[in-house]
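Chain residues, written in single-letter form:
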Amino acid sequence: MKKTVPQFLWNSYEATDREIRQEGEGMSREEGSKGDDVDESDGTQVIQCMITFRKQDITHQKEGYWGKYGLWRQEQKTRAARLQKQLKARWESEESIHDQLNRFHAHYHRFIIPTKLNDVSQLLMPSSAPPHELATLAWLGDWRPSSILELLCGLAHCSSSSSSDESNMSQLMHEIRIEEAVIDEEMAEIQATCVLHLPFVNSPQQSGDGDEMGCIETEFRKIQSAIAKAQQLRFKTLELLVKKVLGQTKAAEFFVAFVKVQEVIHNHAAKLKLPKGPLTIPVKHLVIKGSF
Amino acid sequence: MPHFSFSDLFPTSTAAAKKPTPATVLFQDYYNEWFKTLKTTLLPLIHRSLTDPSPPALLSSHVHLLLHHFLSYYDALDLAATVSADNLPHLLHPPWRNSLERPFLFLGDLHPYLLTNLLRKFLREGGSESESDTERETQTDSEAAWQLGITAWKDPSDELMVKIEQIERGLRLIVPSFSERMKKAQAGFMKKVGEQWIGTATVAEAMKIEMDEMVSVFLDANRARRSVISEIVGTLNLYQGALFLEGLAQFLVGFKDPGLVRKFKRHRIPSTVAGISGGAGGKSADGN
């Protein structure tokens, strides 16, 4: 027996679906009224609850692929809704699952090709994700692969599963965690040694005119490579989940659940960015109350 | 001697100062002032002390000022994180750091290993450049300072090397636990969300628990950074300590060089490079 998303969760998702939509729409209206943070190139309403910190990001989003991030989220929701309908009608197909995986593949690989160095920073800390969302689950700019597996473990908590499924899951978790640790090491190495390579500490050895950008580019290429590996690991995690741990139906159920959990986290995190009182006037700034 | 404190950075009126309630300041404003003081006052001050013959007492006082300035920043970060866990996400991904600097941040600031690597850089350059650089005849101001620096790092004592290794060992013991704890906090959040799902309420509760743990990791990381900077300066002699702090300040200031940042933002990645995918493989989902 494959891992199962419990029925009561299923019902909860349906019940909260309306709540999610309302929250998303509410935030869209509020943020839209600010007029400076919303990605106007995105025609969707629900997912426009992205908050950015600086005005200049808008231009960037309009021009770059980050302007499409909201579309990706909306598309995910549409696909999840379609899958859910198919599940209800009990005619979910292998094609639908592969289609869903293909979308993840395209998404993760489309985002690993920045055209400007400046984009690399956006990949790591997308302005489309509110700070609470980033702090809660982000790892190199998106979901930590082992967190995807943790979510499944949590969702499957109430259901029974065979020892072979448990074993497959445990093996997958072990494998993914090792790969994550390798990428973590790589990133830590870049952050720890950048002082040796970036030409900021005065030294005639590093002061060659015109070479500054070369040094910076080299470091950013390393970061870009780490991000690319992280994206591939995310996709690999989903792919192995579908192929080795979940069956067709359960995979469809999981995709639906995954998208909805993402939405709830995103919307809740976006809500936490809104002003809470008179002392926190501008949302984009962090306010500290202290003995300054 | 100028003394910089929070109250200097954010002077309040006499009437306001009498009020029992603490002032509120935007962290971004605090950081901007902190950075401005570093760049326009403290860095030039220590640079002048290093290049011009200064009495040791004056150099020592400038070293103390700069050290205090760095440490005070970590105090401010701690304060911000403990006042409200809701501040933490902003501190971990600080919007007041620019896009050139952000990718190099670890838990919202410099990676602790970076501090010992900076020290190793000085030691290495001091040890390897002695012969060729003593032959230089014409020197710019910064080259002269660098020459003096070379002398400062020449033939470090065994005692110094042992102490540096001790600091590095200490870091190797503690830094991996930060990443591990962060990972566990994220895993715990996700598991809780999955197990106890009832919608937004579950997410809110799980997020709060996770943020509390992350605050603890953040404070520990700051403690590590603060104590490594202090230990390094305490271990080095006065001149070496001054050079180390100057280098650290230069490094931070370098990220905000307006001309460089402008070039950075415009800089396009060559298409052959942009296409790298870190061994992407690009394996398709349908197994092709």
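Residues numbered from 1 in each chain as written. Chains lettered and ligands numbered in written order. Predicted model: local features only at pLDDT ≥ 70, side-chain atom pairs only at ≥ 80, totals over all residues. Heavy atoms only, no water.

Asks: Got a sec to walk through the overall build of chain B? Specific residues and values, please.
Replies: Looking only at helices and strands, chain B features 13 helices and 1 strand. For chain B, the succession of helices and strands along the chain, N to C, is α-α-β-α-α-α-α-α-α-α-α-α-α-α. Out of the 288 residues belonging to chain B, those deemed buried represent 54%. Relative to all contacts within chain B whose residues are 6 or more apart in sequence, the contacts with residues 24 or more apart total 77%. Carbon and sulfur atoms make up 55% of the accessible area of chain B, which totals about 12,600 Å². (Helix = DSSP H or I, 4+ residues; strand = E, 2+ residues; numbered from the N terminus. Buried < 20%, exposed > 50% of the residue type's maximum accessible area, 1.4 Å probe, protein only. Contact = heavy atoms within 4.5 Å. Areas by Shrake-Rupley, 256 points an atom, 1.4 Å probe, with all protein chains shown as cover.)

Asks: So what about the environment of Glu210 of chain B? Which residues, and what values?
Replies: Its location among the elements puts Glu210 of chain B in helix H10 (residues 200–235). Note: C-alpha distance between Glu210 of chain B and Gly126 of chain B (84 residues apart in sequence) is 45 Å.

Asks: Talk me through the layout of surface pockets; I want residue IDs and the actual numbers.
Replies: Of the pockets and cavities examined, the largest pocket occupies roughly 950 Å³. Taken together, 42 residues line the largest pocket, and the ones lying closest to its centre are Asp184, Ala188 and Gln191 of chain A together with Phe106 and Ser179 of chain B. Broken down by secondary-structure element, the contributors of at least two residues to the lining of the largest pocket are helix H6 (131–137), strand E1 (138–139) and helix H8 (163–197) of chain A together with helix H6 (112–128) and helix H9 (158–195) of chain B. Classifying every residue of the lining of the largest pocket gives 22 nonpolar, 10 polar and 10 charged. (1 Å grid on protein atoms, 1.4 Å probe; cavity = no way out; pocket = protein on both sides within 12 Å on 5 of 7 lines; lining within 4 Å. Points joined across faces, edges and corners; volume = space filled by probe spheres on them. Nonpolar A, V, L, I, M, F, W, Y, C, P; charged D, E, K, R; others polar.)

Asks: Give a description of unusual backbone geometry that names residues and reports values.
Replies: Notably, Leu140 of chain A is not glycine yet its phi reads approximately 50 degrees, a positive angle. For Leu140 of chain A, the location among the structural elements is in the loop between E1 and strand E2 (142–143). Given the relative accessible area of 13%, Leu140 of chain A is considered buried. Positive phi outside glycine occurs at Asp155 of chain B, with the angle close to 45 degrees. Relative to the helices and strands, Asp155 of chain B resides in the loop between helix H8 (141–153) and H9.

Asks: Help me get a handle on the packing of aromatic side chains, residues and values and all.
Replies: Residues and elements named next belong to chain B. According to the stated counting rule, one finds 19 aromatic pairs over all chains in the structure shown. Judged by centre distance (5.1 Å) and plane angle (10 degrees), the rings of Phe122 and Trp153 are stacked. Placement of the pair is Phe122 in helix H6 and Trp153 in helix H8, with a sequence separation of 31 residues. Between Phe251 and Phe255, the aromatic rings sit 5.0 Å apart at their centres with planes inclined by 75 degrees, giving edge-to-face as the arrangement. For the pair shown, Phe251 and Phe255 are each scored as buried. Among the aromatic residues, those joined into a ring-pair cluster are Phe27, Tyr30, Tyr31, Trp34, Phe35, Phe70, Tyr73, Tyr74 and Trp96. Lying across the ring of Phe35, Lys256 places its NZ or CZ 5.4 Å from the centre. (Phe/Tyr/Trp six-rings, centres within 6.5 Å; stacked < 30°, edge-to-face > 60°. Lys NZ or Arg CZ within 6 Å of the ring centre and 35° of its normal.)

Asks: Describe the side chain of Glu246 of chain B, with residues and values.
Replies: All names here are of chain B. Within the fold, Glu246 resides in helix H11 (residues 238–254). For the buried residue Glu246, which engages in no salt bridge, the nearest side chain bearing the opposite charge is Arg48, 11 Å off. Polar side-chain contacts of Glu246 include one of 2.6 Å to the side chain of His47. Here Glu246 is in contact with Leu43, Ile46, His47, Leu50 and Leu66, once residues within four sequence places are set aside. (Lys, Arg positive; Asp, Glu negative; His and termini not counted. Salt bridge = Lys/Arg side-chain N within 4 Å of Asp/Glu carboxyl O. Polar contact = N/O pair within 3.5 Å; in protein donor to acceptor, adjacent residues only side chain to side chain.)

Asks: How would you sum up the nonpolar core? Please name residues and give values.
Replies: Residues Ile216, Leu241 and Phe254 of chain A together with Phe27 and Phe251 of chain B are the most contacted members of the largest nonpolar core, which totals 143 residues. In terms of residues, this core owes the most to one element, H10 of chain B, which gives 15 residues. Discounting residues that sit within four places of it in the chain, Phe251 of chain B has contacts with Cys194, Val195, Leu198, Phe200 and Val201 of chain A together with Leu110 and Leu114 of chain B. (Core = buried A, V, L, I, M, F, W, Y, C linked by side-chain atoms within 4.5 Å.)

Asks: Quick one: what's the story with the packing of helix H7 (residues 145–155) of chain A against H8 of chain A, residue by residue and with numbers?
Replies: Think of two packed helices as two axes; the pair is described by the angle between the axes and how far apart they sit. Residue and element names in this part refer to chain A. For the pair H7 and H8, interaxial distance at closest approach is 9 Å and the crossing angle is 155 degrees. With respect to each other, H7 and H8 are oriented roughly antiparallel. In this structure, H7 crosses over H8, and the sense of that crossing is left-handed. Within the contact between the two elements, H7 uses Pro145, Ser146, Leu149, Glu150, Leu152 and Cys153 and H8 uses Met169, Leu172, Met173, Ile176, Arg177 and Glu180. Of the residues contributing to the contact of H7 with H8, the split by class is 8 nonpolar, 1 polar and 3 charged. (Axes fitted to C-alpha atoms, helices over the stretch in contact; angles between N-to-C directions. Parallel < 35°, antiparallel > 145°, perpendicular 65-115°, else oblique. Left-handed = near helix turned anticlockwise from the far one by under 90°.)

Asks: How would you summarise the pattern of salt bridges if you had to cite specific residues and measurements?
Replies: Residues and elements named next belong to chain A. The tally for this structure, following the rule as stated, stands at 25 salt bridges over all chains. Here Arg144 ties to Glu180 by a salt bridge, and the two come within 3.2 Å at their closest N and O atoms. Taken together, the positions of Arg144 in the loop between E2 and H7 and Glu180 in helix H8 put the pair 36 residues apart, joining distant regions of the chain. Under the relative-accessibility criterion, Arg144 is labelled buried at 3%.

Asks: Describe helix H5 (residues 117–124) of chain A, listing the residues and the values that go with them.
Replies: Across the 8 residues of H5 of chain A, 8 count as buried, placing the element largely inside the fold. Three or more residues of H5 of chain A are buried, namely Leu117, Asn118, Asp119, Val120, Ser121, Gln122, Leu123 and Leu124 of chain A.

Asks: I'd like to hear about the packing of helix H4 (residues 56–83) of chain B against H10 of chain B, residue by residue, with values.
Replies: All names here are of chain B. With their axes 9 Å apart at the nearest point, H4 and H10 run at an angle of 175 degrees to one another. For the element pair H4 / H10, the angle class is roughly antiparallel. On H10, the residues touching Val63, Leu67, Leu71, Tyr74, Asp75, Leu77, Asp78, Ala81 and Thr82 of H4 are Val215, Phe218, Leu219, Asn222, Arg225, Arg226, Ile229, Ser230 and Val233. Along the lines of polarity and charge, the residues of the contact of H4 with H10 split into 11 nonpolar, 3 polar and 4 charged.

Asks: Describe the confidence of the model for chain A, and please don't skip the residues or the numbers.
Replies: Residues and elements named next belong to chain A. Residues at a pLDDT of 70 or more form 59% of chain A, whose mean pLDDT is 70. Across residues 1–66, confidence stays below pLDDT 50; counting only partners more than four residues off in sequence or on other chains, it has 163 contacts. Counted against residues more than four places away or in other chains, residues 275–292, with its pLDDT under 50, gives 44 contacts. (pLDDT = per-residue confidence, 0-100.)

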